[in-house]
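Observations on the three-dimensional arrangement
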Amino acid sequence: MTFQAHTLSKTTAALLLCGLAAHASATGAVVLDTFGPGDTADQWASDLYRAGSDHQDIALSFTLGSAGSIQSILTSIEGFGLPGGVTLGIMAKQGALPSGSTFLYSAHLDSPTANTLLSPTGWTLAAGSYWLTATPDDGFSGIWQSGTNTPGTAWAYGSASGWQPVASSLIGPAAARITVAAAVPEPATYGLMLAGGLLVAVAARRKSNTRQQG
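Worth saying up front: this structure is predicted, and the values here are computed from it rather than measured.

Turning our eyes to something else, we now look at the overall build of the protein. When its secondary structure is counted, the protein shows two helices and 14 strands. Burial status across the protein gives 38% buried among its 214 residues. Within the protein, contacts between residues separated by at least 24 positions form 80% of all contacts whose residues are at least 6 apart in sequence.

Below is the structure:
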């Protein structure tokens with residue numbers, strides 16, 4: 001009986017730790033922040049525009065150390081009052097530069113102004129590297145302001161000739177802040193925690209019965 005209770009306690013502890021670890025490992029975090037102090041974005045203006053085949057897109061890289069759900073994306077994208085907007089999207093990063101045009105998730109910013117906040121729903125990403133990409137509508141003209149002169153992440157601009165890296169030490173990346181929310185535990189996690197709780201109760205009851213019989 002003692003051996004069984006001891007083994008049961010180990011199993012119980014393992015189940016509880018698995019459940020708690022799964023719940024605690026996905027805490028909220030800022031995974032990209034290229035704004036200057038005090039949310040400033042006034043160092044350098046990168047053009048965002050599209051006029052037929054002539055255009056300029058911008059992409060910034062970021063990395064998730066563990067799976068998470070994007071809670072908010074703050075950018076310094078600003079239009080000049082012309083019609084149209086910008087599609088802000090997430091692309092998988094499979095090389096030094098963006099490739100293809102497939103967004104994992106995207107949202108349209110209509111007539112964006114400085115420090116536009118996007119709060120998406122259901123944008124869940126696995127651990128890995130990604131591009132935050134801004135693609136302007138045809139007829140849109142605006143800028144994506146930089147928040148710092150210090151390069152803090154890989155970034156690139158896209159034109160009719162393809163994507164090009166921005167390697168200048170004098171130009172910082174466009175200002176953006178991506179926050180990943182704490183993930184909601186999956187049903188399996190709750191199941192582990194419930195099973196652990198039940199085993200704790202069973203172990204305690206068996207231990208009590210053993211003492212009474214002794």
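It is worth spelling out the pattern of salt bridges at this point. Opposite charge on two side chains permits pairing when their charged atoms draw close. Counted according to the given criterion, the structure contains three salt bridges. When salt bridges that share partners are traced, they join D33, D39 and R177 into one network.

To continue, consider the environment of G52. Within the secondary structure, G52 is located in the loop between β2 (44-51) and β3 (54-64). Judged by its relative accessible area of 47%, G52 falls in the partly exposed class. With 85 residues separating them along the chain, G52 and D137 place their C-alpha atoms 9.7 Å apart.

Okay, the packing of aromatic side chains next. As enumerated under the stated definition, the model contains two aromatic pairs in all. When the centroid spacing of 5.6 Å and the interplanar angle of 15° are considered together, the rings of Y105 and W123 count as stacked. In this pair, Y105 sits in strand β7 (residues 105-110) while W123 sits in the loop between β8 (116-118) and β9 (124-125), placing the two residues 18 residues apart along the sequence. Note on Y105: relative accessible area 25%, which makes it partly exposed. The side chain of K93 reaches across the aromatic face of W131, ending 5.0 Å from its centre.

What follows is about unusual backbone geometry. Of all residues except glycine, most have a negative phi; of all peptide bonds, most are trans. One non-glycine residue, S111, lies in the positive phi region at around 45°. Within the fold, S111 resides in the loop between β7 and β8. In this model, N115 sits at a positive phi of 55°, which is unusual for a non-glycine residue. As for its placement among the helices and strands, N115 is situated in the loop between β7 and β8.

This part takes up the environment of S66. Within the secondary structure, S66 is located in the loop between β3 and β4 (68-75). By relative accessible area, which is 39% here, S66 ends up partly exposed. Considering only alpha carbons, one finds S66 and G128, 62 residues apart in sequence, at a separation of 7.5 Å.

This part is about the nonpolar core. Of all hydrophobic cores here, the largest spans 28 residues; its most connected members are F62, I73, I77, L88, I90, L132 and W144. Elements supplying a minimum of two residues to this core: β3, β4, β6 (85-92), β7, β10 (128-136) and β14 (176-181). Per-element accounting of this core gives the leading share, four residues, to β3. Those residues within four positions of I77 in sequence are excluded, and the remaining contacts are L48, V86, L88, L109, P112, T113, A114, T116, A134, I143 and W144. With five residues, the next largest nonpolar core counts M91, W131, A156 and W163 among its residues.

Attention shifts here to the pairing of strand β11 (residues 141-146). With five of six residues buried, β11 lies mostly within the body of the structure. Here β2 runs beside β11; their pairing, made up of six bridges, is antiparallel. Paired with A45 across the bridge in β11 is Q145. With three bridges joining them, strand β5 (residues 77-79) and β11 adopt antiparallel strand pairing. Each bridged residue has a counterpart across the sheet, and for E78 the counterpart in β11 is I143.

What counts and how
Residues numbered from 1 in each chain as written. Predicted model: local features only at pLDDT ≥ 70, side-chain atom pairs only at ≥ 80, totals over all residues. Heavy atoms only, no water. Helix = DSSP H or I, 4+ residues; strand = E, 2+ residues; numbered from the N terminus. Buried < 20%, exposed > 50% of the residue type's maximum accessible area, 1.4 Å probe, protein only. Contact = heavy atoms within 4.5 Å. Salt bridge = Lys/Arg side-chain N within 4 Å of Asp/Glu carboxyl O. Phe/Tyr/Trp six-rings, centres within 6.5 Å; stacked < 30°, edge-to-face > 60°. Lys NZ or Arg CZ within 6 Å of the ring centre and 35° of its normal. Core = buried A, V, L, I, M, F, W, Y, C linked by side-chain atoms within 4.5 Å. Pairing = 2+ DSSP bridges.

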